[in-house]
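Fold and contact review
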Amino acid sequence: MIDNKVSLWKSRVMSAGDLHPLSVLIDEILRTRGRLVTATPALGAEEGLTGSQSLVLAAVIRAVQPPTVPQIGRSLGHTRQAVQRTADALAQRGLIEFVDNPDHKRARRLVPTERGRAVDEDVQDRSRVWADRVTEGMDPGDLVAATETLRTLRTRLEAEGAGRTPDRGAGPEPR
């Protein structure tokens, strides 16, 4: 099956200018991101959430450990200041709380409130319906493979940005 995909890629892309597959992937990611930015904010609109508020709330809820604002900013590729403004708005609405961080005096950790979890669950319910509609007829295995590929690429880019070589022998990095 992979050979068929490579052949398809060669017939479509190689004839279009000998582009590297990563260049084509980046182009597609950026185009898809643009569509997602316009399509997903409506998912939190019933709760009065902006797209960035939904994103930060989800980052807080899905974190393995309570994150800090700078950690969320790095994870999402947003500035610390933008995430701070969003986190402050979420805290004002009672959806998250700032708690002390034993590892750092100034960078407090963010934790969801019960109300924040309930709001996120409502958003996720709508998100599942939307995702089912958008992915109808697609092979779920292809989505899993795409996710794994993007995660591997992201972790390698993060490692390169940090000036280190990624450990290619290790499995996928935790989210």
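In case you missed it, the structure is sitting above this.
Position labels on residues start from 1 in each chain and follow its written sequence. Restriction of local features to residues with pLDDT of at least 70 applies here, the model being predicted, together with a cutoff of 80 or more for giving and counting side-chain atom pairs; totals for whole chains, interfaces and linings are based on all residues. Based on all heavy atoms of the structure, the side-chain values leave hydrogens and waters out of the count.

Looking now at the side chain of Arg-109. Helix and strand assignments follow DSSP, with helices taken as H or I runs no shorter than four residues and strands as E runs no shorter than two, numbered in order from the N terminus. When you line up the elements, Arg-109 lands in strand 2 (residues 104-112). Categorising residues by exposure relies on relative accessible area from a 1.4 Å probe, with only protein chains included: less than 20% of the type maximum marks a residue as buried, more than 50% marks it as exposed, and the intermediate range marks it as partly exposed. By relative accessible area, which is 12% here, Arg-109 ends up buried. The contact definition used throughout considers only heavy atoms, calling two residues in contact when any of these lie within 4.5 Å. Not counting the four nearest positions on each side in its chain, Arg-109 is found in contact with Pro-66, Pro-67, Thr-68, Gln-71, Glu-97, Phe-98, Val-99, Asn-101 and Asp-103.

In this fold, Leu-49 is placed in the loop between helix 2 (21-39) and helix 3 (51-62). Once the C-alpha coordinates of Leu-49 and Val-123 are considered, the two residues, 74 residues apart in sequence, prove to be 9.4 Å apart. Not counting residues up to four positions away in its chain, the partners in contact with Leu-49 are Pro-41, Gly-44, Ser-54, Leu-57, Leu-90, Arg-93, Leu-95, Val-119 and Val-123.

With that settled, the discussion passes to the environment of His-78. Relative to the helices and strands, His-78 resides in the loop between helix 4 (69-76) and helix 5 (80-92). The class for His-78 is partly exposed, based on a relative accessible area of 33%. Spatially, the C-alpha atoms of His-78 and Ser-52 are 9.9 Å apart, while their sequence positions differ by 26 residues.

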